[in-house]
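Close look at the chain arrangement
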Amino acid sequence: MTIDTGQVLPTRFRAQEARGASIGRVLKAVARVKEVDEDLMGLIGRRLMERDELGADVARAMGAPGDQRVTMAQIHRAVAEGIDAVPDTPPALRAFFEHVETVPAWVDMDLVNEGARIYRRYGRNAADVLLQLSLIGGYRFGGPTDLLVATGGLSGDMTMRRLGETQKWGMAISEHDAMRPGHEGFRVTVHVRLMHALVNRRFETGDRWDVGRWGLPINQTDQAATLGLFNGTLLLGVRALGVRVTRADSRAVMHLWKYVGWLMGVNEDWLFDEEREQHRFSYHVLLAQDGVTEAGPQLSNAILDAQLQLHHRRFPRIARAYERARLLSMLRVFLGRQGLRDLGLPVRLPWATAALVPLNVVRYHVLGRTSWGEARLHRRAARARETLTFRYFGPDEAEIGRLPTG
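Residues numbered from 1 in each chain as written. Predicted model: local features only at pLDDT ≥ 70, side-chain atom pairs only at ≥ 80, totals over all residues. Heavy atoms only, no water.

A cluster of basic residues, Arg32, Lys34, Arg247 and Arg276, forms a positive patch on the protein surface. As for its placement among the helices and strands, Arg32 is situated in the loop between helix H2 (25-31) and helix H3 (38-46). Residue class for Arg32 comes out exposed when judged on its relative accessible area of 56%. (Patch = residues over 30% accessible without salt bridge, like charges linked within 9 Å, V, L, I, M, F, W, Y side chains within 5 Å. Areas by Shrake-Rupley, 256 points an atom, 1.4 Å probe, with all protein chains shown as cover. Salt bridge = Lys/Arg side-chain N within 4 Å of Asp/Glu carboxyl O. Lys, Arg positive; Asp, Glu negative; His and termini not counted. Charge placed at Lys NZ, Arg CZ, Asp CG, Glu CD. Helix = DSSP H or I, 4+ residues; strand = E, 2+ residues; numbered from the N terminus. Buried < 20%, exposed > 50% of the residue type's maximum accessible area, 1.4 Å probe, protein only.)

A separate point is the pattern of salt bridges. In total, this model carries 28 salt bridges according to the counting rule given. A salt bridge links Arg193 to Asp52; its shortest N-O distance comes to 2.8 Å. Note that Arg193 is positioned in helix H11 (residues 184-204) and Asp52 in the loop between H3 and helix H4 (53-61), a separation of 141 residues in sequence. In this pair, the class of Arg193 matches that of Asp52, namely buried. As a salt-bridge pair, Arg60 and Asp57 come within 2.4 Å of each other at their nearest N and O atoms. Residue Arg60 and its partner Asp57 are both found in helix H4; the two are separated by three residues, about one turn of the helix. Judged by relative accessible area, Asp57 falls into the partly exposed class, the value being 33%. One network of salt bridges, in which partners are shared, links Arg51, Glu53, Asp57, Arg60 and Glu204.

So, about the packing of aromatic side chains. All chains considered together, the criterion is met by nine aromatic pairs. Relative to Phe230, the ring of Trp169 has its centre 5.3 Å away and its plane inclined at 75°; by these criteria the two rings are edge-to-face. In this pair, Trp169 sits in helix H10 (residues 159-173) while Phe230 sits in helix H13 (residues 220-230), placing the two residues 61 residues apart along the sequence. Accessibility classification places Trp169 together with Phe230 in one group, the buried group. Ring geometry for Tyr322 versus Trp351: centroids 6.0 Å apart, planes at 50°, classification tilted. Here the residue Tyr322 occupies a position in helix H18 (residues 316-342), and Trp351 occupies one in helix H19 (residues 351-366), the gap between them amounting to 29 residues. On the basis of relative accessibility, which here comes to 39%, the residue Trp351 falls in the partly exposed class. Among the aromatic residues, ring-to-ring pairing joins Tyr119, Trp169, Phe230 and Trp257 into one connected group. One cation-aromatic arrangement involves Lys258 over Trp106; the distance from NZ or CZ to the ring centre is 4.4 Å. Arg313 extends its terminal NZ or CZ atom over the ring of Phe390, reaching a point 3.8 Å from the ring centre. (Phe/Tyr/Trp six-rings, centres within 6.5 Å; stacked < 30°, edge-to-face > 60°. Lys NZ or Arg CZ within 6 Å of the ring centre and 35° of its normal.)

Attention shifts here to the confidence of the model for the protein. Predicted coordinates in regions of low pLDDT should not be interpreted in detail. Averaged over all residues, the pLDDT of the protein is 93; the fraction at 70 or higher stands at 95%. Here residues 1-5 is modelled with pLDDT under 50, and outside its nearest four sequence neighbours on either side it reaches ten contacts, counting other chains as well. (pLDDT = per-residue confidence, 0-100. Contact = heavy atoms within 4.5 Å.)

The subject of this paragraph is helix H5 (residues 72-81). Of the residues making up H5, those classed as buried are Met72, Gln74, Ile75, His76, Ala78 and Val79. In this fold, the buried residues of H5 make contact with H4, helix H6 (91-100) and H11.

Here we come to the packing of H11 against helix H15 (residues 247-264). Interaxial distance between H11 and H15 falls to 9 Å at its minimum, and their mutual angle equals 40°. Here H11 is positioned oblique relative to H15, judged by the angle of their axes. Read as a crossing pair, H11 and H15 show a hand that is right-handed. From H11, Phe186, Thr189, Val192, Arg193 and His196 reach across to H15, where they touch Tyr259, Val260, Trp262, Leu263 and Met264. Tallied by class, residues from the contact of H11 with H15 come to seven nonpolar, two polar and one charged. (Axes fitted to C-alpha atoms, helices over the stretch in contact; angles between N-to-C directions. Parallel < 35°, antiparallel > 145°, perpendicular 65-115°, else oblique. Left-handed = near helix turned anticlockwise from the far one by under 90°. Nonpolar A, V, L, I, M, F, W, Y, C, P; charged D, E, K, R; others polar.)

As C-alpha cells, then:
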C-alpha cells in the first residue's frame, strides 16, 4: 500500500481493517468518531517507518570511532547519576540526556504527582487491566508481538521476569515526585527508552526482522499505540471493573502518561491531554493493524503458564491455580469469546469480574467519597503493590533488567 508521497508502507498497514473496527467499537463510541480521518491514517502508516532518532543516535554511536563512541558503562552511569557525571561525554549521549533532562514547559509536576496518586489508588485494578486488556489484549495483532518473541522478552523462562519488570516500571513512575529528573521513575523510563533504541538498532540490520511487513522494529506508531494502553485503555478498563474515575482523575492520569510518553520519545503531536483524544487516536490505530500471528497465542499461553510459577507466601499451589483461573475469567470480559479463541486460550465464565465489580462500586463510589474510605483505598492499594512485587520477584530485588549489549 502507498500514500500520496509515494512512500511504500509496511504490508501490515490496514491489512485487517474490518477486524480492527469490530474490536474498536467501544473506542469509536466513547471517542464519538463519525468517520475515519484519512489524514491521520496516512500519518499512522508513515510513522510505522519512523523511529526515535535521539535514541537511535546513541545506539549508532556505540559503534563509532574514537571520542564519538558511546559505551555501556557511560550509558549506565548517565542513567544512574545524570550526564554531568560522565567525563568526556560523547556528543550523541550528551545530546540525548540534555534533551530528556530539560523538562518541557507544558509539564505541571503537581498534576503529574496527582496522576501518580490516582494511579496508585487503583491498586490491583490497574495491574489487572494492564495485564489483561493492555498486554494480552495487544497480542491480538501482529508486529510488536512478533518482536517480543524474537527478543525472548515475554516467552519461555523469561516471562515472569519480564512481567515483573513491567509492573516495576508502572510502580516506579507512580510514586510521588518519581518523575522529576534524577528520580527513580525518570531514570527507569529513560532506561527503557535506551533499551528500545538498542533493540531497534540490533533488529533493523540483517535479516532478523521483516521491515517490509511490519515496519521498523520499534517505531513511532507502535510506541504511541502502546502509550495509549497505559493511559486511555487503563482508564476504560478500571471503569469496567467498577472503579470511579472523575474528570479530574482522568486529566491527572493523562498528564502523567503524557510526560512519560515524551520521555519515551513519542512524537509530541501524539501526546494527548484529554482521554477522548487518546481514544480517537487509538481507534484509528486499531484500523491500521494486521491480524493475529503465531506470536499472539505463544505469548498469551506463556503468561497463563507463568501464573503457576508466581510466588505466594501461603498455600502456593492453591493460590497459583486460583490466579490462573481468575485470569482466564477476567479475560472473558475484556477480550470476549473471539479474542480468547484468537489467542488459543480456553473460554471461561466471568465469575471473577462478576464478584469484583460490586466490591469496587462499594469501595470507590461509596466508601471512597469519605476520608476514611479514601485512606483505606490507599492502604489496600499499597498492600496490593507489595504483594504483586513479591509474586513476580519473590525474595529477589525488584529491578528492571540491564540494557542489551548486542
